[in-house]
Amino acid sequence: MIIALLSIFLQACIDSGNDKIVSPPGYQLDKPQRFKMSENLLEISGIAFKNNEADTIYAVQDEDGRVFYFKPGDRKPAYTHFAKQGDYEDIGILHNRIIVLKSNGTLFTFPIEQIKQPKPSDVQQLKGILPKAEYEGLYIDNTTNKIYVLCKDCNTENGSLLNGGYIIDATDENNLKQTSTFQIALPKLSKKNGADEAFHPSALAKNPVNGLWYILSATNNLLLITDAEWRAKATYKLPHSRFTQPEGIAFDKEGNLYISNEGDEFENGNILKFTYNKPAVKK
């Protein structure tokens, strides 16, 4: 315990000693609005909005088969119990259906109108859509009816290419099919950021303002940004002193960025909001 406390203290000192937190254009990662989570969302693992509307946050946590829903700042989130205990990693909303990703690739879906029921009456458990692997990231694009899922540990041997990106056709909400794959080039990513481990995606979301992909890695405490074709543009270090364990990401319709962090024995889970300010045009 003493060693663990010392490690956390030293890491906090290292983070706080940085001259400046480098942020993506339009955001200030050193100036978040913080929403503390209640005890039952200590291990918050995924967040989503319906149609990018920020009035209600939908969330899951690692261990319980519950979908929580609450307004930002609420300390007593309501929830529905959709499944038994398991490893639930991310959440998205496909038009009027909630979809939850389990770590083994199984998808759970039920109508959003049943969110206020203690237990939804129409839960579908979809197996076999994705190859066998460990998954953590899910994003739903309602304009194209596509679901994007990222494998947590699908790097190539040299770590320069991230495999394990799958695209599911959701044109028919009752008949989801995995139709294609994608890869993300990660040239010298680990070396550049001083990380010894490979990049392991924990969440992804598309920025509605600029169309770029924002991808988290809780293992490295990194934010990776790619273009629409999954070409890496930049990476940003997320200091552990502020981002304890970044597991969820979402944007509202104004382009404001939300990152959820799992808590630990010393700190509650939280959601950090970063207000979007349009970058000035360089002359």
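One numbering rule holds for all chains: residues counted from 1, following each sequence as written. With the structure being a predicted model, the display of local features is reserved for residues of pLDDT at least 70 and the display and counting of side-chain atom pairs for 80 or more, all residues being used for whole-chain, interface and lining totals. Neither water nor hydrogens contribute to the side-chain values; these are computed over all heavy atoms in the structure.

1. Re the side chain of N270
Right, on to step 1. By definition, any uninterrupted DSSP run of H or I lasting at least four residues is a helix, any uninterrupted run of E lasting at least two residues is a strand, and each is numbered from the N terminus. With respect to the helices and strands, N270 occurs in strand 20 (residues 270-274).
Right, on to step 2. Only protein chains enter the accessibility calculation, which uses a 1.4 Å probe; a residue is then buried when its area is under 20% of its type maximum, exposed when over 50%, and partly exposed in between. Of the residues examined, N270 reaches a relative accessible area of 1% and is grouped as buried.
Right, on to step 3. Residue contacts are counted whenever heavy atoms from the two residues lie within 4.5 Å of one another. Apart from the residues within four sequence positions on either side, N270 is in contact with R34, F35, K36, M37, I44, I259, S260 and N261.

2. Digging into the pairing of strand 11 (residues 146-151)
A regular strand places its side chains on the two faces of the sheet in alternate fashion.
Right, on to step 1. With respect to burial, strand 11 is a largely interior element, five of its six residues being buried.
Right, on to step 2. In the sheet, strand 10 (residues 135-141) pairs with strand 11 via six bridges, with the strands oriented antiparallel. From the neighbouring strand, G137 faces strand 11, where its bridge partner is L150.
Right, on to step 3. In short, DSSP must find at least two bridges between two strands for them to pair. Between strand 10 and strand 11, which pair antiparallel in sequence order, lie four residues; one of them, N145, sits at a positive phi of approximately 55°.
Right, on to step 4. Examined bridge by bridge, strand 11 and strand 12 (residues 161-169) share five bridges and lie antiparallel to one another. Pairing of Y148 across the sheet is with I167, part of strand 12.

3. Comments concerning the sheet that holds strand 6 (residues 88-94)
Right, on to step 1. Read from one edge to the other, the open sheet built from four strands follows the order 6-7-8-9, with strand pairing classed as antiparallel. Across the chains shown, the open sheet's two edge strands, defined by having one partner strand only, are strand 6 and strand 9 (124-126). On average, adjacent strands in this sheet sit at an angle of 20° to one another, irrespective of strand direction.
Right, on to step 2. In the sheet, strand 8 (residues 107-111) pairs with strand 9 via three bridges, with the strands oriented antiparallel. Opposite L107, over in strand 9, you have L126 as the bridge partner. Where helices are involved, their axes are fitted lines through C-alpha atoms of the stretch in contact, as for all axes, and angles between N-to-C directions lie from 0 to 180°.

4. Quick look at the pattern of salt bridges
Right, on to step 1. Each reported salt bridge corresponds to a side-chain nitrogen of Lys or Arg within 4 Å of a carboxyl oxygen of Asp or Glu. Summed over the entire model, instances satisfying the criterion amount to seven salt bridges.
Right, on to step 2. Across the pair K152 and E136 runs a salt bridge whose closest N-O atoms are separated by 3.2 Å. Of this pair, K152 sits in the loop between strand 11 and strand 12 while E136 sits in strand 10, and the two are 16 residues apart along the sequence.
Right, on to step 3. Judged by relative accessible area, K152 falls into the partly exposed class, the value being 22%.
Right, on to step 4. As a salt-bridge pair, D141 and K206 come within 3.3 Å of each other at their nearest N and O atoms. With D141 in strand 10 and K206 in strand 14 (residues 203-206), this residue pair connects regions lying 65 residues apart in the sequence.
Right, on to step 5. When its relative accessible area of 7% is taken as the criterion, D141 is described as buried.
Right, on to step 6. Each of E134, E136 and K152 takes part in salt bridges that share partners, so that together they form one network.

5. As for the packing of aromatic side chains
Right, on to step 1. By convention, a stacked pair of Phe, Tyr or Trp rings (six-membered ring in the case of Trp) has centres within 6.5 Å and planes under 30 degrees apart, an edge-to-face pair has planes over 60 apart, and any other such pair is tilted. Counting across every chain of the model gives 17 aromatic pairs.
Right, on to step 2. Judged by centre distance (5.0 Å) and plane angle (80°), the rings of Y214 and F251 are edge-to-face. With Y214 in strand 15 (residues 213-217) and F251 in strand 18 (residues 246-251), this residue pair connects regions lying 37 residues apart in the sequence. In this pair, the class of Y214 matches that of F251, namely buried.
Right, on to step 3. With a centroid separation of 5.9 Å and 20° between ring planes, the pair formed by F243 and F274 is classed as stacked. Linking F243 in the loop between strand 17 (232-237) and strand 18 with F274 in strand 20, this pair joins segments that are 31 residues apart in sequence.

6. Some thoughts on the pairing of strand 18
Right, on to step 1. Buried residues dominate strand 18, accounting for six of its six residues.
Right, on to step 2. Inspection of the sheet shows strand 18 paired to strand 19 (residues 257-261) by five bridges, in the antiparallel sense. Residue pairing across strands places F251 opposite L257, the latter belonging to strand 19.
Right, on to step 3. Hairpin connection between strand 18 and strand 19: a loop of five residues separates the two successive antiparallel strands, and G255 in this loop has a positive phi of roughly 90°.

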